[in-house]
Each structure stands twice: as C-alpha cells, then as structure tokens.
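# Descriptive analysis of the structure
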Amino acid sequence: MHITITGSLGSGKSSVSKYISENFNLVRYSTGDVQRELAKQLGMTTLEFNLFCQQQDDAAYDHMIDDKVVRIATEHQDDNIIFDSRMAWHFVPHSFKVFLWVDPEVAARRVFEDDKRGGVESYSSLEEASQKLKARALSESERFYTFYGVRYTDLGHFDLVIDTSQASIPEIAEIIIASSQLHEAGKFSVKTGVIRNPGEFH
C-alpha cells in the first residue's frame, strides 16, 4: 500500500506522516526533509531555496527529488510506504492520495510555535510567519505549475481531503488509515470532499 500525503503549509502533514509510520507500520519517505537539508547545505531558508529553484533555467533539484520518489515507488510496489511530499501524488499515480487543509491563521501559529525546524525556518513574529508562509506557498505553487503543469492545491486530484485545523494527529491518522484500507479493498467512495470534523467519518 502506498499513501501520498500533501497539504497546505502548516497543515501537519509531517507530524501526521511520522505518526502513521510509527504506529501503523509504514515506511516514511519525506521530500520535505530532503529539501530542508539541501537548503541548509546552501545556507538558505526554505523560502530562499524555493525562490532559488524557481529562478533556475532547469528543474535539476526538483527532478533529483522527484526521481527518487518514482524510484522508491517503483522498486517497492508491494511495500507499505507513506510519502510525505508536495508532489508525490503526481508521481505515484496508484497511491491513496491525501490532502491536509488548514486555516491559514492556525498554520501561522503552528509554525511560529514550532521549535523543531532546525533554524532553517524561524520567525520573529506571528505576522512574519503568516507572510512567509504565503510567500513560500505561492513560490512552490508557481514552480510546480511551471515544471509539471499541475496545481497541487487543486483538491480534485485527491481521494481524501481533511481539515486539520481542529483535529488531533491521532484522529487524522486514524481517518487516513481507515480510508486507505477501504480503498485497498475497493470499498472507498472516491471524492469524499472535505472532512471538517473527524466525527463525520464512518
């Protein structure tokens, strides 16, 4: 089983994917971790790295990351893997595709209070966090559209969309796993829409 999980910045996709990996026996692969490490090596913030990639004549860094996603998915078709990646849904077409949405104000508060981002993403105020998140989201959206001709923010690409603004990580994880298992069994109703309350899932 392959699950691809993406979402709005600050939606909790990294935390959710880690929880699923640790509690439901799935191997986790995160392109965000790779991107942050590349940014750190180049002495850039994540936003600066995104803008740097956008300004290049080719998509060398993006292709390097995305090619690895394709390789992992192809070489491990029968393994249980969760891909924490902005674009894995596009490169792993037979995966169960999940999008996590979050209210922008909640997202800004989350990243501002997060002390585990290694100094690559740091903010002096909640307002700065909000502004930089918007700038980074726009940069990523434009870059991916230029390279691949698709918008990762188009919810029509996904099997399951969850509003994480008020839901806990365990609740979100349970929904994803239960839905993916139904999908594997051919019993999942595709295009469920946005689940705004974990209690709505049956």
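This text gives an overview of the structure that appears in the document.

Parameters at a glance
- Residues numbered from 1 in each chain as written.
- Predicted model: local features only at pLDDT ≥ 70, side-chain atom pairs only at ≥ 80, totals over all residues.
- Heavy atoms only, no water.
- Helix = DSSP H or I, 4+ residues; strand = E, 2+ residues; numbered from the N terminus.
- Buried < 20%, exposed > 50% of the residue type's maximum accessible area, 1.4 Å probe, protein only.
- Areas by Shrake-Rupley, 256 points an atom, 1.4 Å probe, with all protein chains shown as cover.
- Polar contact = N/O pair within 3.5 Å; in protein donor to acceptor, adjacent residues only side chain to side chain.
- Salt bridge = Lys/Arg side-chain N within 4 Å of Asp/Glu carboxyl O.
- Expected span 1.5 Å × (residues − 1).
- Contact = heavy atoms within 4.5 Å.

Secondary structure assignment for the protein chain yields eight helices and six strands. Counting from the amino terminus, the protein chain carries its helices and strands in the arrangement β-α-β-α-α-α-β-α-β-α-α-β-α-β. Within the protein chain, the fraction of its 202 residues that count as buried is 44%. Surface accessibility of the protein chain: about 10,400 Å² in total, with carbon and sulfur atoms responsible for 49%.

This part covers the side chain of serine 180. Within the secondary structure, serine 180 sits in helix H8 (residues 169-184). A distance of 2.8 Å separates a polar side-chain atom of serine 180 from the backbone oxygen of isoleucine 177.

A few words now on unusual backbone geometry. If you check the backbone angles, asparagine 25 has positive phi at about 60° while not being a glycine. Mapped onto the elements of the fold, asparagine 25 is located in the loop between helix H1 (13-24) and strand E2 (27-30).

What follows is about the pattern of salt bridges. Two side chains that carry opposite charge are able to pair once their charged atoms sit near each other. Summed over all chains, the structure comprises six salt bridges. Several salt bridges converge on common partners, so that one network encompasses Lys13, Arg28 and Asp84.

Moving on, we come to H8. One turn of the α-helix equals 3.6 residues, which is why residues spaced by three or four share an orientation. For H8, spanning 16 residues, the distance from its first C-alpha to its last is 22 Å, which sits close to the expected 22 Å at 1.5 Å a residue. Listed as buried for H8 are Ile172, Ala173, Ile175, Ile176, Ile177, Ser179 and Ser180. Glycine 186, located one to two residues past H8, shows a positive phi value of around 75°.

This brings us to the environment of alanine 108. Among the secondary structure elements, alanine 108 is positioned in helix H6 (residues 104-113). Between the C-alpha atoms of alanine 108 and glutamate 128, which are 20 residues apart in sequence, the distance is 8.6 Å. Not counting the four nearest positions on each side in its chain, alanine 108 is found in contact with Leu126, Ala129, Ser130 and Leu133.

Function cannot be inferred from these measures alone, as they are strictly geometric.
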